[in-house]
Amino acid sequence: MKAKLQVGVLGFGTVGSGVIRILKEHQEKISQVTGYDITVKKVLVRDLEKNRRYEAEGFTLTTEPKDVLDDPEIAVIVEVMGSITTAHHYILHALKAGKSVVTANKDLIAIHGDELVAVAQENHCDLFYEASVAGGIPILRTIVNSLAADRIKKVLGIVNGTTNYMLTQMTASNKSYEEALQEAQDLGFAEADPTSDVDGIDAARKMVILTRLAFGMNVNLDDVKTKGIRGISQKDIAIASQLGYRVKLVGQAEEIDNTVDVAVGPVLLPKAHPLSGVSDENNAVFVTGAAVGETMFYGPGAGEMPTATSVVSDLITVAKNTKLGTIGNVFNRFVHETKYTPAEKVFSKYYFRMQMNDKTGTFLKLTKIFADAGVSFDKILQEPNDKHTATVVIISHAASRNQIDEAVRGVNAEPEMRLITQYAVVEG
Ligand code: NAP
Ligand code: HSE
């Protein structure tokens, strides 16, 4: 008979249900791989009466956190309940009690990751969070282990399943923003409050974690330039398509001369770019290394079973470490001084959609504004709206963020022009 490794799970929602199901269905293999019978002893929920996806068989459901956190037989806590303050409190409690922790909570890890890693070390516990970025894709261990030899230059990520699902449905099936969001919620991809998905905050948190692992730099969430997909219209999607691009919500982290710039926002991706083919709730992380060149890691970024696979793989690592007596080794040791790239050194092409008065000389003024800012045009499109106004679309050549801001200030100061959308364009 194998030794038991008893687990306490905080949360029995989408991810918690998947964890319980995988541990049950793949019990034999997990036991062979780890040398332990990993069993769930207790599960924390808010509401005991709620209908659950699966029966609570073989474990106790409780609404009392201490039942789980202070149970001496429970060696590992799996936190899949979400939130920042409460989860932070419970995880600290567990680590200080000498229990290893596995979490899928990117909100928490992006903000308190450093502190929790230090507390885990002080208490000789493991702390893993593979599921916090890109759901079922094992991207964190890939960066920490498989790409450890390389110097990572750039990470581009479609790291939010909800918005990728919505944009795919809006593009391919002409669904409205509201219809697409409702579907993503029904399918279990969206956060409890989907604002963090659609406003790009969830993706920004994941980019903070990716930046920490890829570049060793601890960027503040507030320093990630973040824009969501609210306000994206079928018109931008259609124009982008006409010009050979798809609109996607992409996180970008780039190392430039030992500094880093991190941004999240809707971008135009050339249709031939590998990230353009990433559809629905799938995620992908496109990593450029100085030695390896371009690599892409692709898979389901949200949902019950993919996310639970990553959670259980962390649990398996804890079990293996327990067997080998190597518990408490920090997940990522790469640390580099955090320095931000100044705006004049961050270059990109941009897409602008404007409404302009359709009268002689307006385009000349526009050209002058862009020329004065040092931004040149790559592609131009003009369509009449009515007798007096036209839609003008510009794709610029690469320019610095400062130059683009100057051009935008110029457009905004001109009563004959109205800037409607402005997105970065990724070069293929
Ligand atoms: P969910 O479906 O809303 O489930 C949350 C569970 O936690 C519920 O069972 C809830 O209990 C319980 N819970 C919440 N607050 C609690 C509290 N204060 N005390 C006791 N129990 C509490 O959430 P989820 O989608 O599984 O997400 C869980 C975590 O995984 C989040 O951090 C999320 O960001 C992360 N994540 C989710 C996905 C995904 O695809 N869903 C992917 C990657 C990461 P009741 O059921 O009684 O209400
Ligand atoms: N709400 C998140 C998403 C879940 O849509 O990607 C996975 O982290």
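Being a predicted model, the structure only gives us computed values, none of them experimental.

## Section: the UniProt feature "binding site: L-homoserine" (unreviewed entry) in the protein
- UniProt annotation of "binding site: L-homoserine" (unreviewed entry) refers to E191 when read in the numbering used here.
- Aside from chain neighbours lying at most four places away, what touches E191 is K106, S196, D197 and D202.
- Within polar-contact distance, the side chain of E191 engages the side chain of K106 at 2.9 Å.

## With respect to the domain arrangement of the protein
- Structurally, the protein comprises domain 1 (3-135 + 304-324), domain 2 (148-300) and domain 3 (344-425).
- Listed as interface residues are 14 residues of domain 1 and, on the opposing side, 15 residues of domain 2.
- Summed over both sides, the interface between domain 1 and domain 2 buries roughly 1200 Å², with carbon and sulfur atoms accounting for 60% of that surface.
- The largest share of the area that domain 1 buries against domain 2 comes from K106, A110 and V133, three residues that together contribute 40% of it.

## Looking at the site of ligand 1
- Around ligand 1, a shell composed of 23 residues is seen, among which F12, V15, R52, E191 and G303 lie nearest.
- Taking D47, its main chain carries an N or O atom lying 2.9 Å from an oxygen atom of ligand 1.
- Contact between ligand 1 and E191: an oxygen atom at 2.8 Å from a side-chain N or O atom of the residue.
- With the chains in place, 86% of the 910 Å² that ligand 1 exposes on its own is no longer accessible.
- Classifying every residue of the shell around ligand 1 gives 9 nonpolar, 8 polar and 6 charged.

## Examining the environment of G251
- Within the element layout of this structure, G251 appears in strand 9 (residues 245-256).
- With a relative accessible area of 0%, G251 lands in the buried category.
- The spatial distance from the C-alpha of G251 to the C-alpha of V155 is 7.9 Å, given a sequence separation of 96 residues.
- Leave out the neighbours within four places in its chain, and G251 touches V155, L156, G157, M207, A263 and V264.

## A short note on unusual backbone geometry
- Positive phi, close to 60°, is recorded for A134, a residue that is not glycine.
- Along the chain, A134 falls in the loop between strand 6 (127-128) and helix 6 (139-146).
- Overall, A134 belongs to the buried group, its relative accessible area being 0%.
- Backbone geometry at D280 places phi at a positive 50°, although glycine is not the residue there.
- Its relative accessible area of 23% is what places D280 among the partly exposed residues.

Parameters and conventions
Residues numbered from 1 in each chain as written. Chains lettered and ligands numbered in written order. Predicted model: local features only at pLDDT ≥ 70, side-chain atom pairs only at ≥ 80, totals over all residues. Heavy atoms only, no water. UniProt positions renumbered as here; feature names shortened; annotations may be inferred. Contact = heavy atoms within 4.5 Å. Polar contact = N/O pair within 3.5 Å; in protein donor to acceptor, adjacent residues only side chain to side chain. Domains from an automatic or database assignment. Buried area = accessible area lost by both parts, 1.4 Å probe. Near = heavy atom within 4 Å. Areas by Shrake-Rupley, 256 points an atom, 1.4 Å probe, with all protein chains shown as cover. Nonpolar A, V, L, I, M, F, W, Y, C, P; charged D, E, K, R; others polar. Helix = DSSP H or I, 4+ residues; strand = E, 2+ residues; numbered from the N terminus. Buried < 20%, exposed > 50% of the residue type's maximum accessible area, 1.4 Å probe, protein only.

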